[in-house]
Amino acid sequence: APGLIVSPADGVVINVDRVYEGDYLKTEAQRVSIFLSIFNVHINRSPMDGKIEYLSYRKGKFLPAWKSEASDENEQNRMGLNNGGCKVVVNQIAGLVARRIVCWPQTGDELKRGERFGLIKFGSCTELYLPLEVELTVNKGDRVKGGETVIGRVK
């Protein structure tokens, strides 16, 4: 259905909070953090149809991905998507064991909802930053499947 935003990764929702996303959205946003254990599939998928308008890779530490500091300090790759009506950010974060982030597309490429765009090799975290207007459909502790589980609906 139109307006649905799906999970960018397989795993468990470890946090849902409100933060300021200053790289691409440049506003308050809802952040959904998904922990991928070594037993999860580590392919990342596009949460919605959209054009990649922003890509930023940053070197960093390799703290355990379930720790809150990992979001700020670990190696990561941020991707900003725009579908003309909604902008989101997907953040791939390396972890203690995961030491390699892969992202195939480039700025300007178009992605379809559920399309594979990269992976994080072995145990990691994937974050999704959504506009405040998006109605969330997941909670902390929920298991999600990349490209399938609905994370939210654009109102």
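Up top is the structure.
These remarks concern the structure in this document.

Conventions we followed
Residues numbered from 1 in each chain as written. Predicted model: local features only at pLDDT ≥ 70, side-chain atom pairs only at ≥ 80, totals over all residues. Heavy atoms only, no water. Salt bridge = Lys/Arg side-chain N within 4 Å of Asp/Glu carboxyl O. Helix = DSSP H or I, 4+ residues; strand = E, 2+ residues; numbered from the N terminus. Buried < 20%, exposed > 50% of the residue type's maximum accessible area, 1.4 Å probe, protein only. Pairing = 2+ DSSP bridges. Axes fitted to C-alpha atoms, helices over the stretch in contact; angles between N-to-C directions. Patch = residues over 30% accessible without salt bridge, like charges linked within 9 Å, V, L, I, M, F, W, Y side chains within 5 Å. Areas by Shrake-Rupley, 256 points an atom, 1.4 Å probe, with all protein chains shown as cover. Lys, Arg positive; Asp, Glu negative; His and termini not counted. Charge placed at Lys NZ, Arg CZ, Asp CG, Glu CD. Polar contact = N/O pair within 3.5 Å; in protein donor to acceptor, adjacent residues only side chain to side chain. Contact = heavy atoms within 4.5 Å.

Here we come to the pattern of salt bridges. What the rule picks out here adds up to six salt bridges. Notably, a salt bridge pairs arginine 18 with glutamate 28, separated by 3.6 Å at the nearest N-O pair. One end of the pair, arginine 18, is in strand 2 (residues 11-21); the other, glutamate 28, is in strand 3 (residues 27-36), and 10 residues separate them in sequence. Of the residues examined, arginine 18 reaches a relative accessible area of 56% and is grouped as exposed. Look at glutamate 28 and you get partly exposed, because its relative accessible area is 35%. Note that lysine 61 and glutamate 73 form a salt bridge whose closest N and O atoms lie 3.2 Å from each other.

Moving on, we get to the sheet that holds strand 12 (residues 134-136). Strand order across the open sheet formed by three strands is 1-14-12, with antiparallel pairing between neighbours. Each edge of the sheet is formed by a strand with only one pairing partner; in this case those strands are strand 1 (4-6) and strand 12. Sheet twist, expressed as the average angle between the axes of neighbouring strands with direction ignored, equals 30 degrees.

Attention now goes to a negative patch on the surface. A surface patch of like charges, here negative, comprises Asp49, Asp109, Glu110 and Glu115. Here aspartate 49 lies in the loop between strand 4 (43-45) and strand 5 (50-58). The class for aspartate 49 is partly exposed, based on a relative accessible area of 38%.

We now examine the side chain of asparagine 40. Topologically, asparagine 40 is positioned in the loop between strand 3 and strand 4. At a separation of 2.8 Å, a polar atom in the side chain of asparagine 40 contacts the main-chain amide nitrogen of serine 37. Beyond its immediate chain neighbours, meaning those up to four positions away, asparagine 40 contacts Asp10, Gly11 and Phe35.

Attention shifts here to the environment of aspartate 49. Sequence spacing of aspartate 49 and asparagine 82 is 33 residues, and the spatial spacing of their C-alpha atoms is 8.0 Å. Excluding its chain neighbours within four sequence positions, the residues that come into contact with aspartate 49 are Asn83, Leu111, Lys112 and Arg113. A distance of 2.6 Å separates the side chain of aspartate 49 from the backbone nitrogen of arginine 113, its partner in a polar contact.

Here we take up unusual backbone geometry. Phi angles above zero are rare outside glycine, and lysine 26 is one such case at about 55 degrees. Residue placement: lysine 26 occurs in the loop between strand 2 and strand 3.

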